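Chain and residue survey
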Amino acid sequence: MDCAKQPIWTRFKSPRTTHEGGADIKYGRFLDELGWEFNQEGRRRQDLIRFGVWTTKSWLSHSATNDINKNLYPIPRAELDKNGKLKQNPGY
């Protein structure tokens, strides 16, 4: 087979999925479809949090931390300085 016609994961000897798999994700196929449909929309993290996968699964350069505090972003320092009643989100 011509190198240009081979799937990229075959050429670089890379697996198509992580070792963890996704069979245990409820509505996992739907989550996959959301990823394909909205791949350039900037909402993947939000969907992964909604499906409970963000902190429990690994992929590419993302490692599972099991730290639910990472479901929230940190509040920017400038905003904390403006409002003394704000408290930083846990874990930051």
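Scroll up for the structure.
For the structure given in this document, a descriptive report is provided here.

Calculation rules
- Residues numbered from 1 in each chain as written.
- Predicted model: local features only at pLDDT ≥ 70, side-chain atom pairs only at ≥ 80, totals over all residues.
- Heavy atoms only, no water.
- Salt bridge = Lys/Arg side-chain N within 4 Å of Asp/Glu carboxyl O.
- Buried < 20%, exposed > 50% of the residue type's maximum accessible area, 1.4 Å probe, protein only.
- Core = buried A, V, L, I, M, F, W, Y, C linked by side-chain atoms within 4.5 Å.
- Contact = heavy atoms within 4.5 Å.
- Helix = DSSP H or I, 4+ residues; strand = E, 2+ residues; numbered from the N terminus.
- Polar contact = N/O pair within 3.5 Å; in protein donor to acceptor, adjacent residues only side chain to side chain.
- Phe/Tyr/Trp six-rings, centres within 6.5 Å; stacked < 30°, edge-to-face > 60°.
- Lys NZ or Arg CZ within 6 Å of the ring centre and 35° of its normal.

1. A few points about the pattern of salt bridges
A side chain of one charge can pair with a side chain of the opposite charge if their charged atoms are brought near each other. Using the criterion set out here, one finds five salt bridges in the structure. For Arg-43, the salt bridge identified is with Asp-47, shortest N-O distance 3.4 Å. Arg-43 gets classed as partly exposed once you look at its relative accessible area, which sits at 25%. For Asp-47, a relative accessible area of 1% gives the class buried. Among the charged side chains, a salt-bridge network with shared partners connects Arg-43, Asp-47 and Arg-50.

2. Brief notes about the nonpolar core
Counting residues in hydrophobic clusters, the biggest one holds five residues: Ile-25, Leu-31, Leu-48, Val-53 and Trp-54. Contacts of Leu-48, omitting those with residues within four sequence positions, involve Leu-31, Val-53, Trp-54 and Trp-59.

3. Regarding unusual backbone geometry
The phi torsion at Asn-66 lies on the positive side, around 55 degrees, for a residue other than glycine. Relative to the helices and strands, Asn-66 is located in the loop between helix H3 (44–50) and helix H4 (77–82).

4. Section: the side chain of Asn-89
Within the secondary structure, Asn-89 sits in the segment after H4. Of the polar contacts made by the side chain of Asn-89, one reaches the backbone oxygen of Tyr-73; its length is 2.5 Å. Contacts of Asn-89, omitting those with residues within four sequence positions, involve Leu-72, Tyr-73, Pro-74 and Ile-75.

5. Thoughts on the packing of aromatic side chains
Remark: the centre distance and the inter-plane angle together describe each pair of aromatic rings, the angle taken between the planes. For the structure on display, the rule yields one aromatic pair. The cationic tip of Arg-45 hangs over the ring face of Tyr-73; the distance from NZ or CZ to the ring centre is 3.9 Å. The residue whose ring lies beneath Lys-70 is Tyr-92, and the NZ or CZ to ring-centre distance is 4.2 Å.

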